[in-house]
Amino acid sequence: MTEESASLNFIEQLIADDLAAGFDPNKLRFRFPPEPNGYLHIGHAASICLNFGLGEKHNAPVNLRFDDTNPSKEEQEYVDAIKYDVQWLGFQWAKECYSSDYFQQMYDWAIQLIKEGKAYVDQQSAEAMAEQKGTPTAPGVASPYRDRSVEENLDLFERMKAGEFEQGSYVLRAKIDMASPNMLMRDPLLYRIVRKAHHRTGTEWCIYPMYDWAHGESDYIEQVSHSLCTLEFKMHRELYDWFLDQIYDPALLRPKQREFARRNLSYTVMSKRKLLELVTSKTVMGWDDPRMPTISGLRRRGYTPESIRKFSELSGISKRDSVTDVSLLEYCIREDLNKSATRVMAVLDPVKLVITNYPEGKTEILQTENNPEDPNSGTHDLPFSGELYIEREDFKEEAGSKFFRLTLGNEVRLKSAYIIKGESVVKDADGNILEIHCTADLDSRSGSGTEASTRKVKGTLHWVSIQHAIKAEVREYDRLFLDEAPDSHEDKNFMEFVNPDSLKVIKEAYLEPFLKNTTIEDKFQFQRLGYFTLDKDSTSDKLVFNKTVGLRDSWAKQQPAPTPQNASSKPGNQGGGQAQGQRSALNEIQKIAKKYTNLSGDKLTAARADIAKLAEDVTYEELAPLFNTAAKKVGTRIGVMIALGVLLKKGQERNAEIEAFLAAGLEDGNEELVNEAKKL
RNA sequence: UGGUCUAUGGUGUAACUGGCAACACGUCUGAUUUUGGUUCAGAAGAGUCUAGGUUCGAGCCCUAGUAGACCAACCA
């Protein structure tokens, strides 16, 4: 029942305004218009969620329209993949449309434009036309063919269509304004000749409409009310409207184009061209490589449709370009999987653990919860024996009190099993640990109901029984790029930032046997490690798991040890741009001073005294930069003035900087500031 | 150097026709926990790009700057 007191983004606001102005809600219609020349990525998901979300909200139809006007780039394979992805995300389109379905209509309209003297056939080279276009600062010059007769234009255009000319030899241009400040209005192309079979129309056409001509007219044909696209099309809106003006019937709905910012994700790239480059250069295994920000890549990695929709919702829609931190995406998938993923145990980096007091050869079947977050999820069998694998990093011969895993002489619980105590280690000649020997409290079995079974111990470890374990390959992924925004550097190519260690393959991991018959749809939490899902490379005799995302790990954060990759947070730039515990006296002064102008009476006197006291610990070098504090920030300047007074008293020599700051203070409109300045 | 757009904690978004800058992620504490997960309680972090102006009052309105993005494909 959360009524929409929630704030609207600017697109929703626009629609609300249109509705308020009398727009018929039954005429609301949207569309998602991909070009089938690549796979959809998380940025497209934003557009999909926006358009289909608007459709759901207003109970309006949303078309899936393939913008297929360039047969040299587009393929059926992409059409199929896009349809699959949109459906997988959970959306159903009203109609499946293609710009190519409207080729005849657009051709007819082009004839109309020619007849009205608003379009002409040009036969210059692309270079010549580019030159005539001028520059953003200089107007263009007219083509020598601009004033051909209507008859001649009609004749040439029909012959273009009939296939009489070579690819690239003739084009149809709109006759608009060669001096427009908007370069797109300088007689833009409507049609070019392309000698290539189209994935739908075959060789029926050899002239193809350009984007600007096709897009708006397709919106109009479909009677799309709000045509939403990304910011780089803002300039195209003028053309979009001009084209519509030429053919618009006032009895019909006139589409409206609006633009929003495309969504970028940190540590990756988001253009089809760049993603394609990653694929063709074999930097990744394909469009659906789990490291790719494509929908198919995320799906293979183990992301759910819900998590991607949630991410779109949380990211919002706006008009400024931005880079959303991947941590938000990771939050979304963890939140979803925490509720639904089955808990299992797997050891990725094993070390052998022998329980010396467990009867030799004995095994037993224990029970373990499928999901503690879901009381109805039930339990599954878990075989136990006296020889186990545990994670190598879960044992240290000796460690500080903050380490609450296994050490010699310390107790920990084996998840869903017994409490054990480290006794001794067996090492090879080089000092590598081969085996850890421990004893178990045989009364402490989980769920047995004994007093010992409910004892509290600090740590709990995951494990697998060696004789029961199954083997699998596990693939762990790190960010594909080492730079937060790899394609934002003018002087460097984004490929230079590729992370060489983005894929880590563990050839032989050990899993509990429950995992033997899993499908690609299943989602698991390998306890204490993260969320995992089966990869499509799996075969009946070789399982391959992908790590979707790790669990949050507050232990890893405390480790001073260098965690070269997988460190989930970027170094240093968090927490207010200043390291914790480094708060200096100067910071304290700034903090107090900020609110200084709001104080009066005793509080003011106290604040002044505090600042003066703190100033004892401030050096001139620290203070000087604050002389440039904006005039508006009066409180801060007063604080700086007070601190300066203390320094001068301590023997700081007056210099030009100080004098300038004093002079500015004396001239200020704020009384307090003037008073403080006068004292000096 | 022309045109267009944008500017709010580290990040992403809010703040209705001017009225105490809010939410989420992230960060940090503490509690709970048979996952160093989850959950719960709390904290820090912003003078809203700068300088002026209008106003009792400006993140919001005006002016001038600054910074970033986009625009000269027979791509979309």
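The structure under discussion appears in the preceding block.
Cut-offs and rules
- Along each chain, residue indices are assigned from 1 in the same order as the chain's sequence is written.
- As they are written, the chains are lettered A onward and the ligands numbered 1 onward, keeping that order.
- Reporting of local features is limited, given that this is a predicted model, to residues whose pLDDT is at least 70; pairs of side-chain atoms are given and counted only at 80 or more, and all residues count toward the totals for whole chains, interfaces and linings.
- Only hydrogens and water are set aside when side-chain values are computed; all heavy atoms of the structure are taken into account.
- Only strands joined by at least two bridges in the DSSP assignment are considered to pair.
- Helix numbering and strand numbering both begin at the N terminus, where a helix is a DSSP run of H or I of at least 4 residues and a strand a DSSP run of E of at least 2.
- Helix axes are fitted to C-alpha atoms over the stretch in contact, other axes to C-alpha atoms as well, and angles between N-to-C directions run from 0 to 180 degrees.
- Residue contacts are counted whenever heavy atoms from the two residues lie within 4.5 Å of one another.
- What is meant by a nonpolar core is a set of buried Ala, Val, Leu, Ile, Met, Phe, Trp, Tyr and Cys residues, joined one to another through side-chain atoms within 4.5 Å.
- The cut-offs for exposure are 20% and 50% of the maximum accessible area for each residue type, with area from a 1.4 Å probe on protein chains only; residues under the lower value are buried, those over the upper are exposed, and the others partly exposed.
- Each residue is tested against the molecule or strand, and it is near if at least one of its non-hydrogen atoms lies within 4 Å.
- Residues adjacent in sequence count toward polar contacts only when both atoms are side-chain atoms; beyond that, a polar contact is any pair of N or O atoms within 3.5 Å, and within protein one must be able to donate a hydrogen and the other to accept it.

Trainee: Tell me about the sheet that holds strand 7 (residues 207-209), residues and numbers included.
Mentor: Judged by pairing direction, the sheet is antiparallel, and its four strands sit side by side in the order 4-5-6-7 without closing on themselves. Since the sheet does not close on itself, it has two edges, and those belong to strand 4 (119-122) and strand 7, each with one partner. The average angle at which neighbouring strand axes cross in this sheet is 20°, direction not considered. Packing of helix 4 (residues 103-115) onto the sheet brings it into contact with strand 4, strand 5 (171-174), strand 6 (189-193) and strand 7, and relative to strand 6 it is tilted by some 120°. Strands strand 4, strand 5, strand 6 and strand 7 of the sheet are contacted by helix 6 (residues 150-162), whose axis makes an angle of about 60° with strand 4.

Trainee: Could you give me a rundown of the nonpolar core, with the residues and numbers involved?
Mentor: Among the nonpolar cores identified, the biggest contains 44 residues, and Ile42, Ile48, Phe52, Val86, Leu89 and Ile308 are the most heavily contacted of them. Put simply, the parts of the chain that give this core at least two residues each are helix 1 (10-20), strand 1 (30-32), helix 2 (42-58), strand 2 (62-66), helix 3 (76-88), helix 10 (295-301), helix 11 (305-315) and helix 12 (326-340). If one sorts the elements of this core by residue count, helix 2 sits on top with seven residues. With residues up to four places along the chain from it excluded, the contact list for Ile42 reads Leu265, Met270, Pro293, Ile295, Leu298, Ile308, Phe311 and Leu329. Grouped together as the second largest cluster of nonpolar side chains are 38 residues, Met106, Phe157, Ala174 and Trp205 included.

Trainee: Describe the pairing of strand 14 (residues 350-355), naming the residues involved and giving the relevant values.
Mentor: Inspection of the sheet shows strand 14 paired to strand 17 (residues 387-391) by five bridges, in the antiparallel sense. The residue of strand 17 that forms the bridge with Lys352 is Tyr389. Bridging between strand 14 and strand 20 (residues 433-441) involves four bridges; their strand directions are parallel. Within the sheet, the bridge partner assigned to Lys352 lies in strand 20 and is Glu435.

Trainee: So, the protein's contact with RNA strand B: which residues are in play, and what are the values?
Mentor: Around RNA strand B, the surrounding shell holds 81 residues, and the nearest of these are Met235, Arg320, Ser446, Gln525 and Lys594. Those atoms of RNA strand B that come within 4 Å of the protein belong to sugar or phosphate at a rate of 61%. A distance of 2.6 Å separates a phosphate oxygen of RNA strand B from a polar side-chain atom of Thr69. The contact in question runs from a base nitrogen of RNA strand B to an N or O atom on the backbone of Gln124, over 3.3 Å. Among the elements of the structure, helix 5 (126-132), strand 6, strand 11 (322-324), helix 12, helix 13 (554-558) and helix 14 (585-594) are those that each provide at least two residues to the surface near RNA strand B.

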